[in-house]
Amino acid sequence: MNIGIDFGHYSIKIVALDNNKIHTCGEKRVAEDMKVFDVDKLEASHWVSAFNSLCEELNLKIKKTDTIVSSIAGSKVSIKPMTTLEMEESELVDILNFEAKKHIPLDGSDPVVDYHILGQNPKEIDKIDIILVATTQKIIKAHNAIIKACGLKNPIFDADPLALLNCYKFNYDSLENNVDVMLNIGLQNTTIMVYGENQEIFTREIAIAGHHITSAIMKLKNLDYHSSEDLKISEGIDCFNSSDNQVEESSIQVSQRNILSELSDEIRKTLRYYMKSKVGVSYNKFYISGGTASMKGLSDFLNTSLNVDFVTLDPFYKNESNQDISNPSKYAVSFGLALRNLEKE
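All values derive from a computational prediction rather than experimental measurement.

Asks: Is there a simple way to think about helix α3 (residues 137-149) in this case?
Replies: For the α-helix, the turn length of 3.6 residues means that residues three or four positions removed from each other point alike. In a regular helix each residue adds 1.5 Å, so 13 residues correspond to 18 Å; α3 covers 18 Å between its end C-alpha atoms and thus fits that length. Close packing links the buried residues of α3 with β1 (2-7), α1 (44-58), β4 (67-72), β7 (127-136) and β8 (156-159). Immediately beyond the C-terminal end of α3, within one or two residues, lies Gly151, with a positive phi of roughly 80°.

Written out as structure tokens, the structure is:
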């Protein structure tokens, strides 16, 4: 059995695959009492308690699991496509470590580097294409502390954006000379990834997501976090609507413009930046996923603002579950993690 665990800041999501089929999946809030929830004060004990409760609910026997994969948030890792000369592994590692220091967070600890050789560069036969993944020892130790406290042994560490890509590639096909866009909106960050056959992988983290939307509602409505979160879930973007009937041009207040439009603007800038360096490539499909992606009206807002057509990324599109799953797109990362090493089973 393969288990993918998404240690999110709002909730833990687990997907378990057995014989390449979905065995079970589930979600548990990190803080059961949202009245005292503070994303900046979460401790390892919060994740451990939620993990143990979720495993009990799902009747998961962790000790009988073949592969356990968890991931580090995209904001804490650097994923960079590179092209370099073919060389000995020791020399390559030295170069990658030097390159990693340019991109990882500056937290006073040494870089931790992993890489995957994609193959020979199609334009320069003496060079190879590589995906460099880097983070820091401090980030690894913090994540590993949660893993150990959960009683997990020998887990595989991955990165959220790569898990999202695995989920997409398992379920969907990409067209030649076209790229697809994946948007995963979580609690603290929004991951945007662009992928196409024979194209460089591109990913960027946008520091606007569900937490920032809830905070904007708190300020607008003068509510606590719990009430604002409930309002966000029940009313969606309509909770930003003005109650003033005299507003004719738009019912969207300044607070919404400052947060949802800011998110839209960052997505637009990213898409334009990517296309500036591409010739003969066009955008094909746009996928949206993540817990916040189900916010009522958000997809329509982004569609109108960006003049695109987002469709919900369904992790279980090619691997159906017998469970009645609410908002399956929130499992995009955990399903992508569970796919790790699947071909070896």
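Asks: Would you take a moment to explain the pattern of salt bridges for this structure?
Replies: Opposite charge on two side chains lets them pair, provided their charged atoms get close. Overall, the coordinates contain 10 salt bridges when judged by the stated rule. Its salt-bridge partner being Arg204, residue Glu266 comes within 2.7 Å of it at the nearest N-O pair. Here Arg204 lies in strand β11 (residues 202-206) and Glu266 lies in helix α7 (residues 254-276), a separation of 62 residues in the sequence. Overall, the relative accessible area of 17% leaves Glu266 in the buried class.

Asks: Looking at this model, I keep getting lost on the packing of aromatic side chains. Mind explaining?
Replies: How two aromatic rings sit relative to each other is given by the distance of their centres and the angle of their planes. Scanning the model with the defined rule gives 15 aromatic pairs in all. A centroid spacing of 5.6 Å and a plane angle of 85° characterise the contact between Phe316 and Phe335, whose relative ring orientation is edge-to-face. Taken together, the residues Phe316 in the loop between β13 (310-312) and α9 (332-338) and Phe335 in helix α9 connect sequence positions 19 residues apart. The residues Phe316 and Phe335 share a single accessibility class, namely buried. Each residue in the set Phe202, Tyr273, Tyr274, Tyr283, Phe286 and Phe310 is aromatic and connected to the rest through ring pairs, giving one cluster.

Asks: What's the story with the environment of Ser277 in this structure? I'm lost.
Replies: Turning to its location among the elements, Ser277 is positioned in the loop between α7 and β12 (282-289). Residue class for Ser277 comes out exposed when judged on its relative accessible area of 55%. With 149 residues separating them in the primary sequence, Ser277 and Ile128 have C-alpha atoms 20 Å apart. A polar contact of 3.1 Å, which involves the side chain of Ser277, links it to the backbone oxygen of Tyr274.

Asks: Whenever I open this one, the nonpolar core confuses me. Can you help?
Replies: Soluble globular proteins tend to bury their nonpolar side chains together. Counting 35 residues, the largest nonpolar core has Leu183, Ile185, Phe240, Leu260, Ile267, Leu302 and Phe310 as the members making the most contacts within it. Elements represented by at least two residues in this core include exactly β9 (178-185), β10 (190-195), β11, α5 (210-221), α7, β12 and α8 (298-306). At 7 residues, α7 tops the list of elements feeding residues into this core. Grouped together as the second largest cluster of nonpolar side chains are 31 residues, Cys25, Ile131, Tyr331 and Leu339 included.

Asks: What's the story with the sheet that holds β11 in this structure? I'm lost.
Replies: Two pairing modes exist for strands in a sheet, parallel and antiparallel, and in both the strands are linked by backbone hydrogen bonds. Pairing within the open sheet is mixed, and its 5 strands lie in the order β11-β10-β9-β12-β13. Strand pairing shows two members of the sheet lacking a second neighbour, β11 and β13, which therefore form its edges. Across the sheet, the mean angle from the axis of one strand to that of its neighbour is 25°, orientation sign disregarded. Sheet topology places β9 next to β10; 6 bridges connect them, and they run antiparallel. Across the sheet, Met182 pairs through a bridge with Met193, a residue of β10.

Analysis parameters
Residues numbered from 1 in each chain as written. Predicted model: local features only at pLDDT ≥ 70, side-chain atom pairs only at ≥ 80, totals over all residues. Heavy atoms only, no water. Helix = DSSP H or I, 4+ residues; strand = E, 2+ residues; numbered from the N terminus. Expected span 1.5 Å × (residues − 1). Contact = heavy atoms within 4.5 Å. Salt bridge = Lys/Arg side-chain N within 4 Å of Asp/Glu carboxyl O. Buried < 20%, exposed > 50% of the residue type's maximum accessible area, 1.4 Å probe, protein only. Phe/Tyr/Trp six-rings, centres within 6.5 Å; stacked < 30°, edge-to-face > 60°. Polar contact = N/O pair within 3.5 Å; in protein donor to acceptor, adjacent residues only side chain to side chain. Core = buried A, V, L, I, M, F, W, Y, C linked by side-chain atoms within 4.5 Å. Pairing = 2+ DSSP bridges. Axes fitted to C-alpha atoms, helices over the stretch in contact; angles between N-to-C directions.

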